[in-house]
Amino acid sequence: MKLQHRSFSGKVFRPSPEVQTDEDLGLFIISTPWGARENATKVISTIKEYLIALRSDTDSTSPFPRLTCLSANANNLRIAAMLANDELYRQENANEYLGGVELFAFSIAERELSWIQLGHPNVFLRRPKRGLLPIGCHLDLPMDLSTEDTLLPPLPSAVMGLDASVNFLGGSFIPQSGDQFIMVSRSSLPENFFMVRDGSYDIPKMTKILADDNPEIAFWIGLLTL
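Fair warning: this is a prediction, and the values are worked out from it, not measured in the lab.

As for empty space enclosed by the protein
- In total, this model carries one cavity of 30 Å³ or more according to the counting rule given.
- Approximately 40 Å³ is the volume attributed to the largest cavity.
- The wall of the largest cavity is formed by Asn 39, Lys 42, Val 43, Thr 46, Ala 84, Glu 87, Leu 88 and Gln 91.
- When grouped by side-chain class, the residues that make up the lining of the largest cavity number three nonpolar, three polar and two charged.

Here is the structure:
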């Protein structure tokens with residue numbers, strides 16, 4: 001896996017994520033903190049520790065029910081994320097809201113890529129001659145109130161750790177050689193972002209498109225090649 005990413009500072013604040021790739025586990029995680037930054041690293045650590053523990057004890061009892069509609073790989077990733085949510089809730093937010101985390105993560109096992117998401121970034125699969133295929137998208141809370149003249153700061157509508165239960169989005173597919181993930185944490189995307197010619201997506205070009213659209217909007221963008 002090869003990752004390129006960049007943060008762009010604007011007039012309004014948006015936190016930059018913690019990003020981690022683990023080739024040995026086939027694991028990729030983007031953890032974006034709203035509140036204390038260490039919450040993002042705690043989420044990453046909890047997910048990794050659970051998946052590493054499974055390797056040494058495949059018959060271990062799961063702390064959460066496994067869903068029959070999901071594969072073993074998808075279940076493992078979901079349970080790891082639920083553990084991270086549970087720990088964040090108990091340690092930070094059980095008595096009062098102190099901070100939450102947006103999450104996108106995927107795990108590759110036996111040719112299957114399983115992903116899970118809550119909040120940003122917006123994620124698109126780029127496959128040659130197929131354009132951009134939406135994987136997971138997120139709408140900020142201020143979307144209905146922001147206008148061209150009144151730009152409201154971003155505020156996520158879904159984060160980990162605010163409640164004991166959490167509704168992750170997710171799915172699975174078989175990746176192909178040359179697949180890329182384009183990931184953007186930004187309140188909105190301009191039309192011409194989706195009109196880049198096939199084969200021409202790169203970090204400098206995409207950054208320029210977003211910055212030219214509105215230099216006051218902060219964003220994070222990443223390009224991951226499998």
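Structure shown, so let's carry the discussion forward.
Regarding the side chain of Thr 46
- Residue position: Thr 46 is located in helix H1 (residues 38-56).
- Aside from chain neighbours lying at most four places away, what touches Thr 46 is Ala 80, Leu 83, Ala 84 and Glu 87.

Looking at H1
- Look at H1: 27 Å from first C-alpha to last across 19 residues, which is about the 27 Å you get at 1.5 Å a residue.
- Taken residue by residue, H1 has Asn 39, Ala 40, Val 43, Ile 44, Thr 46, Ile 47, Lys 48, Tyr 50, Leu 51 and Leu 54 as its buried positions.
- On its buried face, H1 is in contact with strand E2 (18-22), strand E3 (27-34), helix H2 (72-93) and strand E4 (100-109).

Regarding the side chain of Arg 127
- Among the secondary structure elements, Arg 127 is positioned in the loop between strand E6 (122-126) and strand E7 (132-136).
- Separated by 2.6 Å, the side chains of Arg 127 and Asp 179 make a polar contact.

Definitions and limits used
Residues numbered from 1 in each chain as written. Predicted model: local features only at pLDDT ≥ 70, side-chain atom pairs only at ≥ 80, totals over all residues. Heavy atoms only, no water. 1 Å grid on protein atoms, 1.4 Å probe; cavity = no way out; pocket = protein on both sides within 12 Å on 5 of 7 lines; lining within 4 Å. Points joined across faces, edges and corners; volume = space filled by probe spheres on them. Nonpolar A, V, L, I, M, F, W, Y, C, P; charged D, E, K, R; others polar. Helix = DSSP H or I, 4+ residues; strand = E, 2+ residues; numbered from the N terminus. Contact = heavy atoms within 4.5 Å. Expected span 1.5 Å × (residues − 1). Buried < 20%, exposed > 50% of the residue type's maximum accessible area, 1.4 Å probe, protein only. Polar contact = N/O pair within 3.5 Å; in protein donor to acceptor, adjacent residues only side chain to side chain.

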